[in-house]
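Understanding the architecture of this molecule
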Amino acid sequence: MVSRLVLVLGDQLSENLSALQAAEKSSDVIVMAEVAEEATYVQHHPKKIAFIFAAMRKFATRLRDAGWDVRYTQLDDTENAGSIPGELLRRAEDTGAFEVIFTQPGEWRLLLALEDMPLKLTMKTDTRFVSTQDEFDAWAEGRKTLRMEYFYRDMRRKTGLLMDGDDPEGGKWNYDSENRKPAPDDIAFSGPMQFTPDDVVEEVLDLVESRFGNSFGRLRPFWFATDQTQARRALTHFIIYALPRFGDFQDAMMNDNRFLYHALISPYLNVGLLDPMEVCKAAEDAYRDGHAPLNAVEGFIRQIIGWREYVRGIYFREGPDYPRRNALNHQRKLPEFYWTGDTDMNCMSKAITQTADEAYAHHIQRLMVTGNFALLAGINPHEVQEWYLRVYIDAFEWVEAPNVVGMSQFADGGIIASKPYVSSGAYINRMSDYCKSCRYKVNDKTGKDACPFNTLYWHFLDRHTDRFSGNNRMGTIYANWKRMDKDRKQTILSEAQAFLDGMT
Ligand code: FAD
Ligand code: DLZ
Ligand code: SF4
C-alpha cells in the first residue's frame, strides 16, 4: 500500500530536495510530469522547454537507478491530465495515496494551485538556498530600505565565504568599482562548455519542435547541459577559463561575442543541477589557490549569495501581486520588434536576436539595453515582465519578476532599486562596440540621426519629474535638465514623442 506521493517539479532536480529527504524509498511514489499547463502558461522559448523536459527525464532515470519508484508522465502520454494538480490527483487515484509531499514551488501561481488540492498536503521549505524566507523576513523587518548590499554582507558572514575572521577578505565587502571595464578588443575565452545532444535530448528536441516549434526563439542548435555531471563540467570550465576575467568585463557588451566571460550557469542553478554553495566554494577555491583575483571572485559570489538570494526573499515577501505592480503607471504596449529584432537600434537588435538564438543574454544586456529601453519608452511593466519570463532559459518568476518589475522597470516603486536604471546612449557606447555599427549616431542628441536613447532619456526624466527630482542620487541630472535651453528641451521632447508615436 502506497502511503504518499512525492512531487518533483521541473525546477527541483536535486537529490537533496527537501521533499525527497522527507520521503521513504520503500513506500512513497515520486510523481514527475511534463504538462501542457507548465509549458504554456507563458509561451516559453523552445530551448527552455527542451532543457527542462530533458533534465527532468534524466533526473527521473537517476532516481529510479537509486531505487525510487518514479511515475513519470511524458507530454504526449494519452492519459496526461495536463496540469500538475491534475497529475497528482490521477496518481493518487492510481496508487491509493491521499497525501502529497512537495517542496515549495518557485512561483505563487503554482503554490496557490497546489494549496487548493483536495489531498493532504505537506509542504517543505526549499533548502536549496543559502537563506530561508524567515531569515530574509527577519532581516527586512523594520528597515526603511531593503538594500541588497547589507543583506549580502550578512550572507557572507553566514556562509564564511571570502571572510578573514570577522572581516571581509581584502578589507572591502564589494569590489564593484573595479568591475566596469568597457568592451575589450578581443576575448580570449571561447565561451561556455557546449554539449552534443544525446538520444534523450534528441527525442525531447523532436517533441518540442512538433509541439512548440512556432514560439519565439530557435530550438536548434541546442547545447545546454541537461544533467548534474554535465552542469558540473560546465562550471569547472568557467572557473578555469573565464572566472579570472569575469569581474573586469562583467558589464561589457560586444557585437561579435555573446557570452564574454559570463558563466551561463543560471539555468543549472535554477533547476537544481548545481547548488549555489558548491558554485561559490569552487570560485572561492580559485581565489585562495591564486587562480582568480579577488574582484572577479567577490563579484561572482555576490551575484549568487547576494542578488540571487535577495530577489527570492523579495518575491515571497511581497506576495502574489508583485509581478503586476506598475508604480510609474506605464501603459504603452510592447513594440513588435521585441519579437523580431527588426529595429535600426543596433544594441536592441543584437540583444533581441541573441535572445531568440540562445535563450540567453547577460545581465547588462537585459538591464541596460532591453530593460532600459522599455523603461524609457514607458512600456507596460507587466508586458515587459511576461516577455522576460518567456524568452530566457533561466526565467522562473521568483528570480525574473524582481529583476524585471523591481530592478529594471522600477514598477515596485523603489523596493529593490534606489533610483531607476535609465541611461542615454552614452552608457551603451562606453560599455560596448554596438554604437560603431549603428545607423544612429550616439553623439547626436537631436536630429534625424540622434540615438533614440538620448531623447527618450530626457523624455522619461521630464515626465517623471515629480517622482524623481527630489531623489538625491538624481539631483545633478535634474539640475542639468532645468538649465537646458527651453527650445532645446522642446526639440528633445517632441523628437522623443515622435519616435514613440512611430513605434508599432
Ligand atoms: P553571470 O553573470 O555569470 O553571474 C553568475 C550567477 O549569478 C548567475 O548564474 C545567476 O545565478 C546569479 N545572478 C547574477 N545576477 C543576478 C540577479 N540580478 N538576480 C539573480 N541572480 C543573479 N536571472 C535569472 O536567473 N533568471 C531570470 O529570469 C533573470 N531575469 C532577469 C531580468 C532582468 C531584467 C535582469 C536585469 C536580470 C535578470 N536575471 C535573471 C539576472 C541575470 O541577468 C542572470 O542571472 C544572468 O544573466 C545569468 O547569466 P550567467 O549565468 O552567465 O550569469
Ligand atoms: C518551466 C516548466 C516547464 C516548461 N514545464 C514543466 C513541466 O512540464 N513540469 C514541471 O514539473 N515543471 C515544468 N516547468 C517548471 C515549473 O513551471 C516550475 O516548477 C514552476 O513554475 C515553479 O517554479
Ligand atoms: Fe543603441 Fe544608440 Fe548606440 Fe545605436 S547609437 S547602438 S541605438 S545606444
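We now turn to the structure provided with this report. The shown structure was predicted, so the numbers you read here are calculated from the model rather than taken from an experiment.

A few words on the packing of aromatic side chains. Inspection of the entire model under this criterion finds 36 aromatic pairs. Measuring from ring centre to ring centre gives 6.5 Å for Trp 108 and Tyr 315, while their planes differ by 45°; the resulting arrangement is tilted. Of the two residues, Trp 108 sits in helix α5 (residues 108–115) while Tyr 315 sits in helix α13 (residues 294–318), which places them 207 residues apart along the sequence. Among the residues examined, Tyr 315 registers a relative accessible area of 0% and is labelled buried. When the ring of Trp 387 is compared with that of Tyr 392, the centres are 6.0 Å apart and the planes differ by 90°; the resulting orientation is edge-to-face. Aromatic rings pair up to connect Phe 216, Phe 337, Tyr 338, Trp 339, Phe 373, Trp 387, Tyr 388, Tyr 392, Phe 453 and Phe 499 into one cluster. Taking NZ or CZ as reference, Arg 439 lies 4.2 Å from the ring centre of Tyr 440, over its face. Residue placement shows Lys 489 over the ring face of Trp 481; its charged tip is 5.2 Å from the ring centre.

Gly 10, Asp 11, Ala 33, Val 35 and Glu 38 are the nearest of the 18 residues found near ligand 2. The separation between an oxygen atom of ligand 2 and a polar side-chain atom of Asp 11 is 2.6 Å. Contact distances for ligand 2 include 2.9 Å between an oxygen atom and a backbone N or O atom of Val 35. Spatially, ligand 2 is embedded in the largest cavity. Of all the elements in the fold, those that place two or more residues in the shell around ligand 2 are α2 (36–40), α3 (46–65) and α5. In terms of residue count, the dominant contributor to the shell around ligand 2 is α3 (three residues). For the shell around ligand 2, the residue count by class is ten nonpolar, three polar and five charged.

This structure, assessed with the given rule, holds five cavities of 30 Å³ or more. When its volume is computed, the largest cavity comes out at roughly 330 Å³. Lining the largest cavity are 24 residues, and of these Gly 10, Asp 11, Glu 38, Ile 52 and Phe 396 lie nearest its centre. A per-class count over the lining of the largest cavity returns 15 nonpolar, three polar and six charged. Every residue along the wall of the second largest cavity is listed here: Met 345, Asn 346, Cys 347, Ile 428, Tyr 434, Cys 435, Cys 438, Tyr 440, Val 442, Cys 451, Pro 452 and Phe 453.

Its location among the elements puts Lys 441 in the loop between α19 (425–431) and α20 (452–463). With relative accessibility at 44%, the residue Lys 441 sits in the partly exposed group. Expressed as a C-alpha distance, the spacing of Lys 441 and Asn 454, which sit 13 residues apart in the sequence, is 9.9 Å. Each residue touching Lys 441, except ones within four places of it in the same chain, is listed here: Asp 449, Ala 450, Cys 451 and Asn 454.

What counts and what doesn't
Residues numbered from 1 in each chain as written. Chains lettered and ligands numbered in written order. Predicted model: local features only at pLDDT ≥ 70, side-chain atom pairs only at ≥ 80, totals over all residues. Heavy atoms only, no water. Phe/Tyr/Trp six-rings, centres within 6.5 Å; stacked < 30°, edge-to-face > 60°. Helix = DSSP H or I, 4+ residues; strand = E, 2+ residues; numbered from the N terminus. Buried < 20%, exposed > 50% of the residue type's maximum accessible area, 1.4 Å probe, protein only. Lys NZ or Arg CZ within 6 Å of the ring centre and 35° of its normal. Near = heavy atom within 4 Å. Polar contact = N/O pair within 3.5 Å; in protein donor to acceptor, adjacent residues only side chain to side chain. 1 Å grid on protein atoms, 1.4 Å probe; cavity = no way out; pocket = protein on both sides within 12 Å on 5 of 7 lines; lining within 4 Å. Sits in = over half its atoms within 2 Å of the grid points. Nonpolar A, V, L, I, M, F, W, Y, C, P; charged D, E, K, R; others polar. Points joined across faces, edges and corners; volume = space filled by probe spheres on them. Contact = heavy atoms within 4.5 Å.

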